[in-house]
Each structure stands twice: as C-alpha cells, then as structure tokens.
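# An overview of the molecular structure
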Amino acid sequence: QVKLVESGGGLVQAGGSLRLSCAASGSFFRVNAMGWYRQAPGNRRELVATITRDGSTNYADSVKGRFTISRDNAKNTVYLQMSSLKPEDTAVYYCNAYIMRIFATPTTAYWGQGTQVTVSS
C-alpha cells in the first residue's frame, strides 16, 4: 500500500510563512514527479507547483517568487516553502506523486489527504 502523508498546514497571518511536507511510504520502486495542488471552497483543484525527480520545477503564476518547491529523493519527500502568504492562498493543499511501484512498469498517480492552509488578513 502506497500512502502520501502531508504535514505543516495551519493558520498564519498575511505576510507570514509556512512549510508543507509530504512523504511517500509503502512498497514501491521509485517516486518520479511530485507536486502540490490546492482547492479553495467553490473552486476547482489547481496546480501550485511541481518538481521532477531531477529537480526541474514549475510554478503557477500566482505563486511565483513566493513559493518554493523542493524534494529529498532519499526520503521520498517533497516540500513547499510558502512565503509572503496572502488570504487568497487559503485552501486545502494536496500532495501528488507519480510512483513506479515495480521496476519498468507505468507510474500511478497518488494523492495525499490534504492539509488546510488558512491565511488571515
């Protein structure tokens, strides 16, 4: 069983910072691309940032310059450092990972349970 477990959400004032973590656990061969998505009430889930296994990153325009995604392949963990937070960043943040469970087989997308980030004005 493969699981993604997120941590680090919470309540912060506008202008503050938070760091999210997401660790993959279970039986698998390799974790490929990882990323963070978010969903605010009444909105669709949207991409925040992604990172490939070799460290190439991609960000939503709304978070460029404020958020930084990184990963530790040895720990199968992805991080999201969020700075200069705004009330519009309030959402449930979901971790995503494409995991190859067995060598040379297609990867499968997995999702974490979500962690709430609330930014007060």
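For the structure itself, consult the block above.
A brief look at the structure comes next. None of these values were measured; they are calculated from a predicted model.

### A look at the overall build of the protein chain
Each helix and strand in the protein chain was counted, giving zero helices and 11 strands. For the protein chain, the sequential pattern of α-helices and β-strands runs β-β-β-β-β-β-β-β-β-β-β. The C-alpha radius of gyration of the protein chain comes to 14 Å, within 12% of the 14 Å expected for a compact globule of 121 residues. Projecting the C-alpha coordinates of the protein chain onto the three principal axes gives extents of approximately 50 × 25 × 25 Å. Within the protein chain, buried positions represent 42% of all 121 residues. Sequence-distant contacts, at least 24 apart, represent 56% of the contacts inside the protein chain between residues at least 6 apart. Split by element, the accessible area of the protein chain, about 6400 Å² in all, is 49% carbon and sulfur. Looking at charge distribution, the protein chain has the averaged site of its 13 positive side-chain charges lying 7 Å from that of its 7 negative ones.

### A word on a nonpolar patch on the surface
There is a patch of nonpolar side chains on the surface, built from F29, I102 and F103 and spanning about 350 Å² of accessible area. Its place among the elements puts I102 in the loop between strand 9 (91–100) and strand 10 (108–111).

### Describing the state of the cysteines
Applying the stated rule across the entire model yields one disulfide. Residue C22 pairs covalently with C95 via a disulfide, S to S 2.0 Å. The chirality of the disulfide connecting C22 with C95 is left-handed, given an S-S dihedral of about -80°. In this pair, C22 sits in strand 3 (residues 18–25) while C95 sits in strand 9, placing the two residues 73 residues apart along the sequence.

### Considerations on the packing of aromatic side chains
Applying the stated rule across the entire model yields two aromatic pairs. Ring geometry for Y37 against W111: centres 5.1 Å apart, planes inclined by 65°, an arrangement best described as edge-to-face. Placement of Y37 in strand 4 (residues 30–39) and of W111 in strand 10 is noted, with a sequence separation of 74 residues between them. For Y37, a relative accessible area of 18% puts it in the buried group. In this structure W111 comes out as partly exposed when scored by relative accessible area, which is 39%.

The rules behind the values
- Residues numbered from 1 in each chain as written.
- Predicted model: local features only at pLDDT ≥ 70, side-chain atom pairs only at ≥ 80, totals over all residues.
- Heavy atoms only, no water.
- Helix = DSSP H or I, 4+ residues; strand = E, 2+ residues; numbered from the N terminus.
- Rg over C-alpha atoms; globule rule 2.2 N^0.38 Å.
- Buried < 20%, exposed > 50% of the residue type's maximum accessible area, 1.4 Å probe, protein only.
- Contact = heavy atoms within 4.5 Å.
- Areas by Shrake-Rupley, 256 points an atom, 1.4 Å probe, with all protein chains shown as cover.
- Lys, Arg positive; Asp, Glu negative; His and termini not counted.
- Charge placed at Lys NZ, Arg CZ, Asp CG, Glu CD.
- Patch = residues over 30% accessible without salt bridge, like charges linked within 9 Å, V, L, I, M, F, W, Y side chains within 5 Å.
- Salt bridge = Lys/Arg side-chain N within 4 Å of Asp/Glu carboxyl O.
- Disulfide = S-S within 2.5 Å.
- Phe/Tyr/Trp six-rings, centres within 6.5 Å; stacked < 30°, edge-to-face > 60°.

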